[in-house]
Amino acid sequence: MADLKCVVENCTYNKDCLCSKGDIMVGGKHACDCDGTCCESFAQKREGRESFSNSLSHPSHTISIDCEAVKCIYNSNYKCVADHVDIKGCGASDCRETACATFSEK
């Protein structure tokens, strides 16, 4: 499990730069750099609706990360083995506007 910092503030799972989903999926099967990746688990916060995080696990510093970015040095059999992962995407309204900033090409 990786130490995760997420700065996608408008994701419903984000609480103080931590994720409350429990696990995430990083997409980017053909990615050659971080901008080719995305957090497929992103769900945009909606005004006036309860956050999903209220009904799921509490935010955690460590999280299980499934990863499709097979060209990343941290991908081992579709699991992320990095010690620390940063997810970026300030102002994202769609998962394609997020990225795994930790991606490093093999």
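Reading the values: rules and limits
- Residues numbered from 1 in each chain as written.
- Predicted model: local features only at pLDDT ≥ 70, side-chain atom pairs only at ≥ 80, totals over all residues.
- Heavy atoms only, no water.
- 1 Å grid on protein atoms, 1.4 Å probe; cavity = no way out; pocket = protein on both sides within 12 Å on 5 of 7 lines; lining within 4 Å.
- Points joined across faces, edges and corners; volume = space filled by probe spheres on them.
- Nonpolar A, V, L, I, M, F, W, Y, C, P; charged D, E, K, R; others polar.
- Pairing = 2+ DSSP bridges.
- Helix = DSSP H or I, 4+ residues; strand = E, 2+ residues; numbered from the N terminus.
- UniProt positions renumbered as here; feature names shortened; annotations may be inferred.
- Salt bridge = Lys/Arg side-chain N within 4 Å of Asp/Glu carboxyl O.
- Buried < 20%, exposed > 50% of the residue type's maximum accessible area, 1.4 Å probe, protein only.

Novice: Explain empty space enclosed by the protein to me, using residue names and the numbers behind them.
Specialist: Counted under the stated rule, the structure contains two cavities of 30 Å³ or more. Reported here for the largest cavity is a volume of approximately 110 Å³. Lining the largest cavity are 14 residues, with C6, C11, C19, I24 and C39 sitting closest to its centre. When its residues are assigned to classes, the lining of the largest cavity shows ten nonpolar, three polar and one charged. Along its surface, the second largest cavity is lined by V26, T37, I65, C67, A69, C72, Y74, C80, V85, C100, T102 and F103. Among the residues forming the lining of the second largest cavity, the class breakdown is ten nonpolar, two polar and no charged.

Novice: Now, about the pairing of strand β4 (residues 23–27): what can you tell me, with residues and values included?
Specialist: Relative to strand β6 (residues 62–67), β4 runs parallel, the two sharing four bridges. Across the sheet, D23 pairs through a bridge with S64, a residue of β6. Pairing between β4 and strand β5 (residues 38–39): two bridges, direction antiparallel. Note on β5: the bridge partner recorded for G27 is C38.

Novice: Give a description of the UniProt feature "domain: DUF1540" (unreviewed entry) in the chain that names residues and reports values.
Specialist: As recorded in UniProt, the feature "domain: DUF1540" (unreviewed entry) lies at residues 5–42 and 65–103. Between the first and last C-alpha atoms of residues 5–42 the distance is 14 Å; the span itself is 0% helix and 34% strand.

Novice: How would you explain the pattern of salt bridges if you had to name every residue and give the values?
Specialist: Summed over all chains, the structure comprises four salt bridges. Two residues, D23 and K21, come together in a salt bridge whose shortest N-O distance is 3.4 Å. Since its relative accessible area comes to 34%, D23 is described here as partly exposed. On the basis of relative accessibility, which here comes to 28%, the residue K21 falls in the partly exposed class. Between R96 and D94 there is a salt bridge; the shortest N-O distance is 2.8 Å. A residue is classified by how much of its surface remains accessible, and R96, at 67% relative accessible area, is exposed. D94 gets classed as partly exposed once you look at its relative accessible area, which sits at 25%.

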